[in-house]
Structure formats: C-alpha cells, structure tokens
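Below, each chain spelled out in residue letters.
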Amino acid sequence: MRFAAVRGPCRPWTVDRGKVLQAKDSIDSEVIMLKQNNCSSRATFCLIMLCILFVAVVPQATAANDSPVSFINDVVPVLTRFGCNAGSCHARAGGGQNGFELSLLGFEPQEDYDHLVREGRGRRLFPAVPEQSLLVRKATGLMPHGGGRRLAADSAASRTLIRWISEGAVWDGETAPRVTQLRVLPEADLLQSGEQRQLQVTAIYSDGSERDVTAMALFESNDSAMAEVTEFGLVTAEDIPGRVAIMVRYQGLVAVFRAAIPQGATTTDYPEERNFVDTLVFSNLKELGIPASPQVSDAVFLRRVSLDITGRLPPPDRARAFLESTDPDRRTRLIDDLLATPDYADFFAGKWSALLKNRRDDTGDLTANYAFHAWVRDSLLTNKPWDQFVRELLAATGTILSNPPVAWYKRVNEAKQQQEDVAQLFLGVRMQCAQCHHHPFERWSQDDYYGLTAFFSRVGRKPTATRGEDMIFHNRGVAESINIRSGKPVRPSALGTVLPEIAPSEDPRLKLADWMSSPDNPWFARAFVNRSWKHFFRRGLIEPEDDIRDSNPPSNPELLSAMEQEFIRSGFDIKHLIRLLTNSSAYQLSSVPLPDNTRDMQNYSRYYPRRLQAEVLLDAIDDVAGSTTSFPNLPAGTRAIALPDNSFNRNSAFLKVFGRPENESVCECERVTTSSLAQSLHLMNSGEVRSKLTVSGGTAKTLADSDLSLEQRIAQLYLAAFSREPQAQETAVAMEYLQSQTPASTEQSAPPATAWEDLLWAILNTREFMFNH
C-alpha cells in the first residue's frame, strides 16, 4: 500500500497497529461482497486503501518538548550528509539514478519533496509502517541498493526519516526557518604537526534560533597533504608547514576553518626587504617558523628573470656585460631593459592569445588569428592598462580588420560561453556549475549565472564580404537571459551586484566593463594579480589561480590584498606589477632548499623550479645549438614564443610532446608543464634534436673551428646555456672528454665537431638547462 502526503499544514499522523488488525476482518468481508457484485479489482484496491487510511491511521499529538520533523531542516540535511543527493548518486545529471532524482545537495527542496512523496504513486513512503518505507529500507541496506548502505538502521538519521514519515511526511517549505549563517568554531587555530582539533558547526536560522549541526555538516580539506579531516569534523595536521583551510558546508552555506601549521625553526636571518612584498612574505615565514633560502647569484638571477619576462635565454653578450657590471642597481636596470624588449610582448602575447582561445579552425583562414595576436602583442608592448585591454575586448564591435579584438567573438560565439570565459579568466570565478544548479562550493545561483549571461544577450552579428567573418554590433533591445529551470527572464546582474536599469539603446557589455574595472570590484584586480604571481612564483597565492572563492582562501591574504590595492592604485599598470614582483627579495631567493624549508610548497621560502614551457625550451635549444626552426607561412627566424595560434603544433612534434596548448580552454592547466618519459626520449633520440646539433654553421661546428683555447670554448658554451661560467670540475670533465675524442695525429690536434655535438647534447639534457631555477 502507498500513501502520498499533501502539502500544507497538517497534524502528525501515526499508525495504530491494533486497529489495522481489527480492520482486517471487515476488509475481508467487504472484498467478498465486492466480488459477489462483480466489482473490479481496482475498486477493491481503492476500498482497501480507504479502510487503511481512515481506520488504521489516526492523529497523534506531538509531545510538548518534541517538535515535528522538518523536511527543510531535518530531512534534506540527512540526504545531503549521506550522499543521496550527490552528483554521483541521485543528483546525477540526466535523471538521477535508477529512476529516482534529487536536486544537487538539496538546493531545490520542493522538487525533492515531489520526487520523494508524489512520484511513482508514492511508492517510496509507507506511512502505515514507516520503517518499511522504500526510502528507509534502501538507505539502511535492508533492500538491494546500488549505492550500498548509507545509514545504520538504528542511527539518528534513520530515526529522523522514519519519524518524518510517521508524522505525515509534511511539506514545510513555506513555514520552516532558513539557515542564514554558518559558524564554525574555532575559526582559525595554530596546529602542530600531528595535533588534532575538533570543529563545531552551528547553524543560525532566520527566526534567531541556533542548532549544532556538526553531525550533519560536510567537511573537506583544500590540501589533504597538509591536513586531513574526518566526516565528523576532526582535523589532523600533517608534517607540511603552511596554511590550510577546511571547508564546511551545510544547507547551501559555506564556512571555513583556517589552520596554520608551523615548521618551528628559530631563525631571524632573512634577506633584505626591498618592498612590501618582502615584508609580508617574510613576516608570514617568521610566524610559521620557516627560514628563507639565501639570495641567488647574479648569474642565476639573470637567467631566471630573462626566461620569466621574455621567454628566452639571455644572449651571451648581455650575460657577459651583466655579470661584469659593478652597478649596484644592475638587477633593477636589467628588469627595465627586459620589459622594453619586443621579446616581452611576444612571450606574454602567446600566453594571453592561448587563454583567449585564438585558435585556427579547419577553414585555415589566417586573418583573424594574426590580427588578434598582433592586437594583444601591441597592447602589451605599449603597456596598455589592464582594465582598458579588457574593456576593448568585451565591448568590441565592427569587423576584425577594423577592430581586431572582434576576433574573440568569432572563437567564443555563444553568450553562455562568453560569460563563463570572462568570469573565469578576468574574475577568477568558475560559473559553469551554476548553469544547471546552485554552485556546490559557492553562493552563485542559476539567477547569478543567467544574470551575468544577460550582459552578452544583445551581441548582434551580420555576415560580411569575407567568408566566415561576421560584423559584431550592439543589437538594440532589452538585455535578458532565460533561466532554463524557471523559464523566467533574468536581467543583467554582476555576481550578486544589481546594476542600474540598462536602457535598450545602451550596450550592456560596457556596463559590465565599468563594473569589472571599479576599484570596489572584489575579483577583477585580485584575479590578475594572483595569475601574475603564479607566473613568477610557480604557485598562485590562491590555487588554482582561476578559482577565487570564500572556501578557497589565499595562503597569504594580507599579501594578496596589498598587491591588489597597489595594482589598482597604479592604474592597472602591468609592467609596474611585474617590476614589483621581480625586484623583490622573495623572487630572488635561491631554489636550493634548506633543511627546514624543504617541505614548504606554498609560503615562498625558496624559489620553486619549473620546467621550461614548450616554446621556450625549443627556442632555448635553437639559441644554444645555433639552429633555427622553420614554421609554415611565417618569416625565417620566427621564434616559437611568437607563434600566433595553435595550428603550428601540427607540424612540430617537439611542441606536441612538450605540451603546447591547443587554445581550447581559458584554464592554464591545458598547458602541460610536467616532465614525461616521452619528453626525455625526444631530447635524447629524436631526429629533430639531432639535426639541430649537427646543423651546418651551428654551435658545434663553430666551436670545433675556433682558435680559442678549450677552456674558453667550454666557457662560451656554458655561458650560452646557463648564463654562467663553468665550475672547475665541469671544465675538467668536459676537457677530458674532448681530448679523448681528439685524433692522435699531428694534422688534427683539436676535437672534431662530433665531440662538441656530444658535449652540447649532454648539456641540453641536464635538468639545469630544462628548468628555470
């Protein structure tokens, strides 16, 4: 038998088992009479149901100290806590699991109620014997269940479900108080390695009441290598020093517990503080008891900053002049010189062109790609303010030839995708989840998603005389986007910020640009500063760099906030920000770890080495080997860092193996920066690399024919590859090998070119060469 409860206020109900038995005889006689009168089996079933409902189910008064179970505040938290409405279970996209669907994490409780109570003729609830309800029996493992046993039969959660059903499965969506605030105690704490801390979570409701919801909350560590947390909120600190956050979720709200795990070393020996970056980095290290590695030599700094700003090794002449300079400001002057070179613009234009999806499709048209890449490059070369760059991109109108940023609308041609890319790339906010449901880790709803999409709803297109190219214009009208769940139109709103009414004649994209570049915007400057920090320090202060949210706090919030304000104060000056970062002592720390900072991976107590990007490594090999790489339809001598789009990956096995992106995503994770066996084999054995070593007129042949001494020639090679002189042992090893390859004859007393090729091959395969350190 089944029972479907109705919405609205009603008294709790319970089952009188005695009356069920007493009704049995009467029901049997009624069935006999129905059969004698040729009544249908359906009528029989209906009569039996009425008898059960009216005879067996009687009102039960609720005890004065025992309030009724709330669907909103009791049942939904149970479904969430035990994973019933997780994306991998009954909240799975496309209809849930095995015919039973729930909303993700209970964000749509009214729909969940309908699925539980009304769907399938109410088959999931059995009010006559609540503990025999399908909902309870499957969850407790008393019936086969694809998700396995989720609750213990005698658990408090199981009793909550049973009691809710016995009380009539009441819907209280209109009357139940809502959770307005989530409080976790302690909010922050200092934990020694191995120390534990129990969290307590309190929900504060709209009626002013409070409830301890620790048992029903969900806990997740943002770095399980630093701290682990149990399902009951017990935090255990591991042995990696730094700051870690525990995200606590309950009923759509998020709170964060922040823990500092100190190294405990006692040291006061920190490098000189050159700007506020150093002050805030070193104060954090002192608080955590983590020592800083010493400052690097001029040679290491020269190579590091040249690769980070220009994407290329410093030419030997520049390296020699810098290393011989006695100017106390030589490092600052070097940074200024590098920022003034075309190589700086080429390198960062490649980075931003990839993130802005400047990719070539099957039509093979080059105009849009080349024009867009040139616009990005010229913007960087002239140091266009970041807010102006973004405004020109968002509000682009016209044709590609007259206004190159229009090309972005060719590659990203749907309003939803435009909104998602802009939010992730320029605001550091991932909105994709909110398209179909409330964001599970943030406060963004579907209305927030479609409110942001509405800014791009009036982008119009007209075909032009050029095949495949459209003219972009503002199509006058009311800007709005339809929420696919509610079916209602949503006007433009910016991540919870309601903007003034936008007239049909106004381009809403300009209003979006105004809001983004406002000094009060909490995401725009922060996103760029964090992304820039990651470029120069390998790891963002917020990681991943494009996932800025309350539940993913920065490792050094004071530092991020200070840099954000400085970037705004400078007028969004990109080169000013780069100077600030690279002139700091924190950037100029050695990558060689100390015994007490070896395990630090987030506090910048040392420089974190990283493998050279595909294009940078290819150019570096060409520079050291004296070779060039030819690319189709580009002038001879074009460097890999200057390639305008992804199409050149097809003709370069090197770029493929070393992970140059295909420009399909706004996430920098598309670029492969990890090492692999394929990469090692390519460097050691590929015909492409061998041909560079043996190229006519290359480095090997030049050194073989040189009149300089062996020591001087070896020094030249090391200067080109590592921006430094070789150590005595390195010189001795190289000379021993070269002399062993020298023919024992009076006619030839110098090593042949093949010997220099071998030495060059060995240098290119060292970690020192392949990594920026």
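Residues numbered from 1 in each chain as written. Predicted model: local features only at pLDDT ≥ 70, side-chain atom pairs only at ≥ 80, totals over all residues. Heavy atoms only, no water.

## Focus on the overall build of the protein
Line of reasoning, step 1. Secondary structure summary: the protein contains 29 helices and 20 strands in total.
Line of reasoning, step 2. Sorting the 773 residues of the protein into buried and exposed places 52% on the buried side.
Line of reasoning, step 3. Taking as baseline every contact in the protein between residues at least 6 positions apart, the subset at least 24 positions apart corresponds to 65%.
Line of reasoning, step 4. Only carbon and sulfur atoms are counted for the fraction: they give 52% of the accessible area of the protein, which is about 34,400 Å². (Helix = DSSP H or I, 4+ residues; strand = E, 2+ residues; numbered from the N terminus. Buried < 20%, exposed > 50% of the residue type's maximum accessible area, 1.4 Å probe, protein only. Contact = heavy atoms within 4.5 Å. Areas by Shrake-Rupley, 256 points an atom, 1.4 Å probe, with all protein chains shown as cover.)

## Quick word on the nonpolar core
Line of reasoning, step 1. In terms of nonpolar packing, the biggest core is built from 143 residues, with Trp 386, Phe 426, Met 516, Trp 533 and Phe 769 touching the most fellow members.
Line of reasoning, step 2. Look past the residues within four positions of Phe 426 in its chain and what remains in contact with it is Leu 356, Trp 386, Val 390, Leu 393, Asp 421, Met 516, Trp 523, Phe 524 and Ala 527.
Line of reasoning, step 3. Leu 79, Leu 116, Leu 151 and Ala 169 belong to the second-largest nonpolar core, a separate cluster that totals 26 residues. (Core = buried A, V, L, I, M, F, W, Y, C linked by side-chain atoms within 4.5 Å.)

## Concerning helix H3 (residues 71-81)
Line of reasoning, step 1. Among the 11 residues that make up H3, 11 are buried, leaving the element largely enclosed by the rest of the structure.
Line of reasoning, step 2. Along H3, the positions that sit buried rather than exposed are Phe 71, Ile 72, Asn 73, Asp 74, Val 75, Val 76, Pro 77, Val 78, Leu 79, Thr 80 and Arg 81.
Line of reasoning, step 3. Count one or two residues on from H3 and you reach Gly 83, which has phi positive near 80°.

## Remarks on the confidence of the model for the protein
Line of reasoning, step 1. Here the protein averages 86 in pLDDT, and 88% of its residues register 70 or above.
Line of reasoning, step 2. Low pLDDT, under 50, characterises residues 1-35; the stretch is placed with 71 contacts to residues that sit more than four places away or in other chains.
Line of reasoning, step 3. Scored below 50 in pLDDT, residues 42-65 makes 37 contacts in the model with residues more than four places away or belonging to other chains. (pLDDT = per-residue confidence, 0-100.)

## A look at unusual backbone geometry
Line of reasoning, step 1. The omega angle of the peptide bond from Leu 185 to Pro 186 is -5°, so this bond is cis rather than trans.
Line of reasoning, step 2. Here Pro 186 lies in the loop between strand E3 (179-185) and strand E4 (188-190).
Line of reasoning, step 3. Residue Pro 544 follows Glu 543 across a cis peptide bond; omega there is 0°.
Line of reasoning, step 4. With respect to the secondary-structure elements, Pro 544 resides in the loop between helix H18 (524-537) and helix H19 (557-569).
Line of reasoning, step 5. Positive phi outside glycine occurs at Lys 357, with the angle close to 60°.
Line of reasoning, step 6. As for its placement among the helices and strands, Lys 357 is situated in the loop between helix H11 (342-355) and helix H12 (367-381).
Line of reasoning, step 7. Even without glycine at this site, Asn 663 takes up a positive phi of about 60°.

## Here's the deal with the sheet that holds strand E9 (residues 227-229)
Line of reasoning, step 1. Ordered in space as E5-E10-E9, the 3 strands form an open sheet in which the pairing is antiparallel. What marks the edges here is a single partner per strand, and that holds for strand E5 (196-198) and E9. Neighbour to neighbour, the strand axes of the sheet diverge by 20° on average, direction disregarded.
Line of reasoning, step 2. With 3 bridges connecting them, E5 and strand E10 (residues 234-237) associate as antiparallel partners. Bridge pairing links Gln 198 to Leu 234 in E10. (Pairing = 2+ DSSP bridges. Axes fitted to C-alpha atoms, helices over the stretch in contact; angles between N-to-C directions.)

## Here we look at the layout of surface pockets
Line of reasoning, step 1. Quantified by volume, the largest pocket comes out at close to 770 Å³.
Line of reasoning, step 2. Lining the largest pocket are 31 residues, and of these Arg 610, Gln 613, Glu 668, Arg 671 and Thr 673 lie nearest its centre.
Line of reasoning, step 3. Of all the secondary structure elements, the ones that give two or more residues to the lining of the largest pocket are helix H8 (298-310), H11, H18, strand E19 (610-611), helix H21 (614-625) and strand E20 (771-772).
Line of reasoning, step 4. Examining the composition of the lining of the largest pocket, we find that 6 residues originate from one element, H11, more than from any other. (1 Å grid on protein atoms, 1.4 Å probe; cavity = no way out; pocket = protein on both sides within 12 Å on 5 of 7 lines; lining within 4 Å. Points joined across faces, edges and corners; volume = space filled by probe spheres on them.)

## Looking at the packing of aromatic side chains
Line of reasoning, step 1. Scanning the entire structure with this criterion turns up 31 aromatic pairs.
Line of reasoning, step 2. Between Trp 533 and Tyr 604, the aromatic rings sit 5.2 Å apart at their centres with planes inclined by 80°, giving edge-to-face as the arrangement. Here Trp 533, found in helix H18, pairs with Tyr 604, found in the loop between helix H20 (574-582) and E19; they are 71 residues apart in sequence, far enough to count as distant. For the pair Trp 533 and Tyr 604, a shared accessibility class is recorded, and that class is buried.
Line of reasoning, step 3. Consider the rings of Phe 536 and Tyr 587, whose centres lie 6.1 Å apart with planes at 80°: the pair is edge-to-face. Pair noted here: Phe 536 is in helix H18 and Tyr 587 is in the loop between H20 and E19, with a separation of 51 residues, a long-range link. (Phe/Tyr/Trp six-rings, centres within 6.5 Å; stacked < 30°, edge-to-face > 60°.)

## Side note on H20
Line of reasoning, step 1. Among the 9 residues in H20, 7 count as buried, and that is most of the element.
Line of reasoning, step 2. Those residues of H20 that fall on the buried side of the exposure criterion are Ile 574, Lys 575, Leu 577, Ile 578, Leu 580, Leu 581 and Thr 582.
Line of reasoning, step 3. Sitting at the amino-terminal end of H20 is Asp 573, which places a side-chain oxygen 3.1 Å from the backbone nitrogen of Lys 575. (Polar contact = N/O pair within 3.5 Å; in protein donor to acceptor, adjacent residues only side chain to side chain.)

## Some words on the pairing of strand E14 (residues 470-474)
Looking down a regular strand, the side chains alternate between one sheet face and the other.
Line of reasoning, step 1. Pairing geometry for strand E13 (residues 459-463) and E14, over 5 bridges, is antiparallel. Bridged to Val 459 within E14 is His 474.
Line of reasoning, step 2. Joining the antiparallel neighbours E13 and E14 is a turn of 6 residues, in which Gly 468 adopts a positive phi near 80°.

## Let's talk about the sheet that holds strand E6 (residues 200-205)
Line of reasoning, step 1. One open sheet holds the 3 strands; their spatial order is E3-E6-E7, and the pairing between them is antiparallel. Of all strands in the sheet, those with a lone pairing partner are E3 and strand E7 (210-212), marking the two edges. Neighbour-to-neighbour, the strand axes of the sheet open up by a mean angle of 25°, direction not taken into account.

## What to know about the packing of helix H27 (residues 728-740) against helix H28 (residues 753-764)
Line of reasoning, step 1. The contact between H27 and H28 brings their axes to 9 Å, and the two run at 145°. For the pair H27 and H28, the crossing hand works out as right-handed. Contacts from Ala 734, Tyr 737 and Leu 738 in H27 reach Ala 755, Trp 756, Asp 758 and Leu 759 in H28.
Line of reasoning, step 2. Taken together, the residues of the contact of H27 with H28 sort by class into 6 nonpolar, no polar and 1 charged. (Left-handed = near helix turned anticlockwise from the far one by under 90°. Nonpolar A, V, L, I, M, F, W, Y, C, P; charged D, E, K, R; others polar.)

## Notes on the side chain of Glu 615
Line of reasoning, step 1. With respect to the helices and strands, the residue Glu 615 is situated in helix H21.
Line of reasoning, step 2. By relative accessible area, Glu 615 is classed as buried at 7%.

## Focus on the packing of H3 against helix H4 (residues 109-118)
Line of reasoning, step 1. Relative orientation of the contacting elements H3 and H4 amounts to 75°, with a least axis distance of 11 Å. As the angle between them shows, H3 and H4 are arranged roughly perpendicular. Residue-level inspection shows Phe 71, Ile 72, Val 76 and Leu 79 of H3 in contact with H4, the latter providing Pro 109, Asp 112, Tyr 113 and Leu 116.
Line of reasoning, step 2. A per-class count over the contact of H3 with H4 returns 7 nonpolar, no polar and 1 charged. (Parallel < 35°, antiparallel > 145°, perpendicular 65-115°, else oblique.)

## What to know about the environment of Thr 80
Line of reasoning, step 1. Mapped onto the elements, Thr 80 comes out in helix H3.
Line of reasoning, step 2. Accessibility expressed as a relative area gives 12% for Thr 80, which makes it buried.
Line of reasoning, step 3. The spacing of Thr 80 and Arg 249 is 169 residues in sequence and 9.9 Å in space, taken between C-alpha atoms.

## A short note on the environment of Thr 160
Line of reasoning, step 1. By secondary structure assignment, the location of Thr 160 is in helix H6 (residues 156-166).
Line of reasoning, step 2. Sequence spacing of Thr 160 and Ser 70 is 90 residues, and the spatial spacing of their C-alpha atoms is 9.3 Å.
Line of reasoning, step 3. Ignoring anything within four residues of it in the chain, the contact list for Thr 160 reads Val 69, Asp 74 and Val 78.

## Section: the state of the cysteines
Line of reasoning, step 1. Going through the model one piece at a time under the given rule, you end up with 1 disulfide.
Line of reasoning, step 2. Here Cys 667 engages in a disulfide with Cys 669; their sulfurs sit 2.3 Å apart. Judged by the sign of its S-S torsion, about 135°, the cystine formed by Cys 667 and Cys 669 is right-handed. (Disulfide = S-S within 2.5 Å.)

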